[in-house]
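# Structural overview
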Amino acid sequence: MSERTDLQGRHIVLGLTGGIACYKSAELVRLLTKAGATVQVVMTEAAEAFITAVTMQALSGRPVVTSQWDAREPNNMAHINLGREADAILIAPASADFMAKLATGRADELLSLMCLARPRERCPLLIAPAMNREMWSHPATLRNVATLRADGATLLGPGHGDQACGETGDGRMLEAQELCDDLVAFFQPKLLAGRKLLITAGPTFEAIDPVRGITNHSSGKMGFALARAAQEAGAEVTLVAGPVHLPTPRGVRRLDVMSAQQMFDAVVPVAPQHEVFIATAAVADWRPASLSAHKIKKEGKKVAPTFELTENPDILAAVAALPDAPYCVGFAAESENLLAHARAKLLRKRIPLIIGNLGPATFGRDDNSLLVVDAQTEHALPADGRATDKLTLARILMQELATRLAAR
Ligand code: CTP
């Protein structure tokens, strides 16, 4: 996959406070710079007990700032200059003590001073807590979290799991990749804020016997990219996925299913609770009429077995026919005559929008080119018809969807 540069042109001030999770911040700097950002690291004295400024300088390519008395700044006002240059300040790890300090507006060292002095209307503050579960659940910390949120800060995490102290629970800092993804999402326009989207993705698997089945080459990548793009745009997303090995996009609710019938059962009852249904799944049209309870053995058979097939329910058509149907978007994977087939499916399934693509050219790949078809119009996406990575396409589709929803 081509390297994504979603943070191109962004300048991030990364603040480190005292915590074991400082080791993850080294990786975070690498990911942020790989994504195109410039990163200025600021460390508290406690952070320097966990990781050296040398490491962070080498990874960020910039001298680390650790003191408000840093004489390298011509005006000797690091706390002012740093915040004026930044597109965002991310504190990762943020200790319980540092959050308490921020919540009360104290400013007795460079990092807290810089947070207090930042221009709040254009330099957002993001906080990735890292602490023991008892510290995280303490009423004092929860009070501070509420205050920080009320003051406009965005909390990233914390995560749940094993902690450095040997205990298990809430409070560990998110992984570097999760923080990087959250930061990328933070900068996306919230075009679908508050909307609820339901998306199907991947193939289905139609069992023949306990060890065999019929499936297809759909990788689920387009549906997962759409789920991620919708979540980034502020939507509440439920993703019903057939058997694929893809990580769940951050903040997306995922339900795993195998067969078309299971996908139907997971989707149709909840569809009216959503404003939009996007069907990207390559649902098997047929399944074996009967499921063999045991493995069909070759032993002693002179002729190959034959199967009777029966039709699967059409999930998209069923959702579109509901009295309180959401806005339905179909996908048409074709091998030829894209426009004609796509428009025929639009009419047959009685849906307002269908996205055509050439199945064999896209299955399993990271890029695609689409044809957006409604009852009257059609246009290529991207406009020049050149294959583009699926997340970029998904983000453009979300803009288009937001415009169509607003026009209804
Ligand atoms: N679809 C569905 N349930 C099915 C079959 C398809 O929800 N049982 C949805 C797909 O997710 C996709 C759209 O319908 O959004 C079109 O799927 P496709 O398989 O291309 O269409 P079919 O109706 O199966 O037409 P054909 O196989 O003739 O191309």
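Before any of the text, the structure's been laid out above.
Below, the structure is looked at part by part. Counting of residues starts from 1 at the beginning of each chain's written sequence and follows it residue by residue. Restriction of local features to residues with pLDDT of at least 70 applies here, the model being predicted, together with a cutoff of 80 or more for giving and counting side-chain atom pairs; totals for whole chains, interfaces and linings are based on all residues. Side-chain numbers come from the whole structure's heavy atoms, not from hydrogens or water.

### Some thoughts on the site of the ligand
Filter applied, for reference: When we say a residue is near a molecule or strand, we mean one of its heavy atoms is within 4 Å of it. Polar contacts here mean pairs of N or O atoms no more than 3.5 Å apart (in protein, one a potential hydrogen donor and the other a potential acceptor; neighbouring residues in sequence count only if both atoms are side-chain atoms). Note on areas: Shrake-Rupley, 1.4 Å probe, and residue coverage restricted to the protein chains presented here. Every definition here rests on a 1 Å grid over the protein atoms only: cavities are sets of points where a 1.4 Å probe fits but cannot get out, pockets are open sets enclosed by protein on both sides within 12 Å along at least five of seven lines, and lining residues have some atom within 4 Å of a point. Any molecule with more than half of its atoms within 2 Å of a cavity's or pocket's grid points is counted as sitting in it. Comment: elements are numbered from the N terminus, with helices defined as DSSP H or I runs of at least four residues and strands as E runs of at least two. Residue type decides the class: Asp, Glu, Lys and Arg count as charged, Ala, Val, Leu, Ile, Met, Phe, Trp, Tyr, Cys and Pro as nonpolar, and the leftover types, Gly among them, as polar.
If you check the shell around the ligand, you find 14 residues, and the closest are Ala279, Ala281, Phe331, Lys345 and Lys349. Between the ligand and lysine 349 there is a distance of 2.8 Å, counted from an oxygen atom to a side-chain nitrogen or oxygen. Look at the ligand: alone it shows 570 Å² of surface, and the protein chains cover 80% of it. Here the ligand is seated within the second largest pocket. Elements represented by at least two residues in the shell around the ligand include exactly α12 (315-320), β16 (327-334) and α13 (338-349). In terms of residue class, the shell around the ligand is made up of 8 nonpolar, 1 polar and 5 charged.

### Digging into the sheet that holds strand β12 (residues 253-256)
What counts here: DSSP calls a pair of strands paired once it identifies at least 2 bridges connecting them. What counts as an axis is a line fitted to C-alpha atoms, over the stretch in contact for a helix, and the angles between N-to-C directions run from 0 to 180 degrees.
In spatial order, the strands read β12-β11-β8-β13-β16-β17-β19-β20; together these 8 strands make up an open sheet with mixed pairing. The sheet is open, and its two edges are formed by β12 and β20 (378-381), each paired on a single side. Recorded for the sheet is a direction-independent mean angle of 20 degrees between the axes of neighbouring strands. Bridge count for strand β8 (residues 196-201) against strand β13 (residues 276-279) is 4 bridges, and the pairing is parallel.

### Some words on the layout of surface pockets
Definition in use: Grid points are joined across faces, edges and corners, and a volume is the space filled by probe spheres set on the points.
Space inside the largest pocket adds up to approximately 1100 Å³. Lining of the largest pocket is provided by 36 residues; of these, Arg4, Gln177, Asp181, Arg228 and Leu391 occupy positions nearest its centre. When residues of the lining of the largest pocket are traced back to their parent elements, those giving at least two are α1 (22-34), β5 (154-155), α9 (176-187), α10 (221-232) and α15 (390-407). Considering each element in turn, the lining of the largest pocket owes the most residues, 7 residues, to α9. Residue classes in the lining of the largest pocket are distributed as 15 nonpolar, 7 polar and 14 charged. In this structure, the second largest pocket encloses a volume near 940 Å³. Together, 41 residues line the second largest pocket, and Ala281, Ala282, Val283, Asp285 and Phe331 are the ones closest to its centre.

### Here's the deal with the packing of helix α5 (residues 96-104) against helix α6 (residues 110-117)
Operational definition: Take the far helix as the reference: if the near one is turned anticlockwise from it by less than a right angle, the crossing is left-handed, and if turned clockwise, right-handed. Here, residues are in contact when the closest pair of their heavy atoms is within 4.5 Å.
Two elements in contact, α5 and α6, have axes separated by 10 Å at closest approach and are oriented at 35 degrees. As for how α5 packs across α6, the hand of that crossing is right-handed. Of the residues in α6, those touching α5 at Phe98, Lys101 and Leu102 are Leu111, Ser112 and Cys115. Residue composition of the contact of α5 with α6, by class: 4 nonpolar, 1 polar and 1 charged.

### What to know about unusual backbone geometry
Going from alanine 92 to proline 93, the amide bond is cis rather than trans, its omega being 0 degrees. The residue proline 93 is located in strand β3 (residues 88-94) in this model. Backbone torsion omega between leucine 381 and proline 382 reads 0 degrees, so that peptide bond is classified as cis. Relative to the elements of secondary structure, proline 382 occurs in the loop between β20 and β21 (388-389). In this structure, asparagine 76 takes a positive phi of about 60 degrees despite not being glycine. The topology assignment puts asparagine 76 in the loop between α3 (53-60) and α4 (78-85).

### Remarks on empty space enclosed by the protein
Taken as a whole, this structure holds 1 cavity of 30 Å³ or more when the rule is applied. Its volume calculated, the largest cavity comes out at about 60 Å³. Mapped by element, the contributors of at least two residues to the lining of the largest cavity are β16, β17 (353-358) and α15. The leading source of residues in the lining of the largest cavity is α15, at 4 residues.

### Quick notes on the packing of α1 against α3
Inclusion rule: When an angle is under 35 degrees it counts as roughly parallel; over 145 it counts as roughly antiparallel; between 65 and 115 it counts as roughly perpendicular; any other value is oblique.
It is the contact of α1 with α3, at a shortest axis distance of 9 Å, that shows an interaxial angle of 15 degrees. Relative to α3, α1 is oriented roughly parallel. Crossing of α1 over α3 shows right-handed handedness. When α1 is examined against α3, the residues Ser25, Ala26, Val29, Arg30 and Thr33 are found in contact with a partner set consisting of Met56, Leu59 and Ser60. Here the residues of the contact of α1 with α3 are counted per class, giving 4 nonpolar, 3 polar and 1 charged.

### A closer look at the packing of aromatic side chains
Definition in use: Pairs were defined over the aromatic rings of Phe, Tyr and Trp, the Trp ring being its six-membered one, requiring ring centres within 6.5 Å. Orientation was assigned from the angle between planes: stacked under 30 degrees, edge-to-face over 60, tilted for the rest. Whether a charge lies above a ring is judged from NZ of Lys or CZ of Arg, which has to be within 6 Å of the ring centre and within 35 degrees of the ring normal.
Counted by the stated rule, this structure contains 1 aromatic pair. A centroid spacing of 5.7 Å and a plane angle of 75 degrees characterise the contact between phenylalanine 186 and phenylalanine 187, whose relative ring orientation is edge-to-face. Here the basic side chain of arginine 10 rests over the ring of phenylalanine 187, its NZ or CZ set 4.0 Å away from the ring centre.

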